[in-house]
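Coordinate analysis (summary)
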Amino acid sequence: MIRRALLCALWGLASCGQTATATFPVGVEVELSADELGLPAELRAADGTVAALPCGPMGSCPSSAEAPVVCAADVCDPSPQEIAVPVGDVVDIDAIASDVEALFAEIDRVEILAVDYQIDRNSLSFPIEPIEIFWGPASVEVLDEAMGVRLLGTVPTIAAGARGEGAVALDAAGSAALSDHFETTDHRFRVFARTRVDLEPGQPWPEGSLAVSVRMRVRVRGSLL
């Protein structure tokens, strides 16, 4: 009984009777690096910017499948790039909330109440467009919506070198789908991140890295042992 009372206080249980709710945090870290863009070195100007490299009537630019560059108005212009990465390992709610699980005979509902972000490191020389945070089944290793990966929420645009924190704008359908996944399929899931970078000639050459902590506040509801 003493242990139960202590755990009730620790996890913020709304009741220590026959039914209760408990909340606990789940955290992951999103990391992005300018190295992932892989721009051709020929596009780097001596002043440390993306060169306005003339491409002339033939439209020839240094390019690759990973970092396509097109000729626009006779100047080589890097095409927008999408960056999609898995975030950390499989998230296991049972392992994270083992003390909470030990109190419940049965869990009836698992909900994502809110998701916040904090920029822990930002040495990027260019802005990042909104970062979409996705969740998917534990067995899925790439961001593929055809394999059940769903949007969870979006981190707003992050300026070059900016720091700060705020709320992730939750996607209602994706959040509800994650709750259903917890209740009917598995207490494990993966997290993915996706963003887009669009560099222009004359901008600073892409350098640096970004680390963003994403914190979910999860609530479980069920009957106590």
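Note: the structure precedes this text.
Scope of this entry: the structure provided in the associated data block.

Procedures and definitions
- Residues numbered from 1 in each chain as written.
- Predicted model: local features only at pLDDT ≥ 70, side-chain atom pairs only at ≥ 80, totals over all residues.
- Heavy atoms only, no water.
- Pairing = 2+ DSSP bridges.
- Helix = DSSP H or I, 4+ residues; strand = E, 2+ residues; numbered from the N terminus.
- Contact = heavy atoms within 4.5 Å.
- Phe/Tyr/Trp six-rings, centres within 6.5 Å; stacked < 30°, edge-to-face > 60°.
- Buried < 20%, exposed > 50% of the residue type's maximum accessible area, 1.4 Å probe, protein only.
- Core = buried A, V, L, I, M, F, W, Y, C linked by side-chain atoms within 4.5 Å.
- Polar contact = N/O pair within 3.5 Å; in protein donor to acceptor, adjacent residues only side chain to side chain.
- Disulfide = S-S within 2.5 Å.

1. Regarding the pairing of strand 3 (residues 75-78)
Examined bridge by bridge, strand 2 (residues 69-72) and strand 3 share four bridges and lie antiparallel to one another. Across the sheet, Ala72 pairs through a bridge with Val75, a residue of strand 3. Connecting the antiparallel pair strand 2 and strand 3 is a turn made up of two residues, with Ala73 showing a positive phi of about 55 degrees.

2. Things to note about the sheet that holds strand 10 (residues 188-197)
Across the sheet, which stays open at both edges, the five strands sit in the order 4-10-6-7-9 with antiparallel pairing between neighbours. The strands lining the two open edges of the sheet, one partner per strand, are strand 4 (81-92) and strand 9 (169-170). The sheet contact formed by strand 7 (residues 150-155) and strand 9 spans two bridges and is antiparallel. Its bridge partner being in strand 9, Gly153 is matched across the sheet by Leu170.

3. Observations concerning the environment of Pro201
For Pro201, the position within the fold is in the loop between strand 10 and strand 11 (209-224). Between the C-alpha atom of Pro201 and that of Ala51, which follows or precedes it by 150 residues, the distance is 5.4 Å. Not counting chain neighbours up to four residues away, the residues in contact with Pro201 comprise Val50, Ala51, Ala52, Val75, Cys76, Asp77 and Pro78.

4. Focus: the packing of aromatic side chains
Per the stated rule, a full pass over the model turns up one aromatic pair. With a centroid separation of 5.6 Å and an interplanar angle of 65 degrees, the aromatic rings of Phe182 and Phe189 are classed as edge-to-face. Residues Phe182 and Phe189 agree in their burial class; the two are buried.

5. Some thoughts on the nonpolar core
Ranked by internal contacts, the top residues of the largest apolar core, which has 56 residues, are Ile128, Ile131, Phe189, Leu210 and Met216. When contributions to this core are tallied by element, the ones reaching two or more residues are strand 1 (19-33), strand 4, strand 5 (104-122), strand 6 (131-137), strand 7, helix 4 (172-184), strand 10 and strand 11. Residues contacting Met216, with those up to four places away along its chain left out, are Phe24, Pro25, Val26, Ile112, Ala114, Val115, Leu152, Phe189 and Val191.

6. As for the side chain of Ser213
Among the structural elements, Ser213 can be located in strand 11. Its relative accessible area of 16% is what places Ser213 among the buried residues. Within the structure, Ser213 has its side chain in polar contact with the side chain of Asp120 (distance 2.3 Å).

7. A short note on the side chain of Thr195
Relative to the helices and strands, Thr195 resides in strand 10. A polar atom in the side chain of Thr195 sits 2.8 Å from the backbone oxygen of Glu129. Only 3.3 Å separates the side chain of Thr195 from the backbone oxygen of Pro130, close enough to count as a polar contact. Beyond its immediate chain neighbours, meaning those up to four positions away, Thr195 contacts Leu32, Gln81, Glu82, Ile83, Ile128, Glu129, Pro130 and Ile131.

8. Considering the state of the cysteines
Applying the stated criterion across every chain yields a total of two disulfides. Residue Cys55 pairs covalently with Cys71 via a disulfide, S to S 1.9 Å. Looking down the S-S bond of the Cys55 and Cys71 bridge, the torsion is 75 degrees, so its handedness is right-handed. Here Cys55, found in the loop between strand 1 and strand 2, pairs with Cys71, found in strand 2; they are 16 residues apart in sequence, far enough to count as distant. By relative accessible area, which is 8% here, Cys55 ends up buried. Here Cys71 falls in the partly exposed class, since its relative accessible area comes to 29%. The disulfide partner of Cys61 is Cys76, and the S-S distance across this bridge is 2.1 Å. Taking the sign of the torsion about the S-S bond as the criterion, the disulfide between Cys61 and Cys76, at about -100 degrees, is left-handed. With a gap of 15 residues between them, Cys61 in the loop between strand 1 and strand 2 and Cys76 in strand 3 connect regions that are remote in the sequence. For Cys61, a relative accessible area of 16% corresponds to the buried category.

Purely spatial values, then, with no claim about function.
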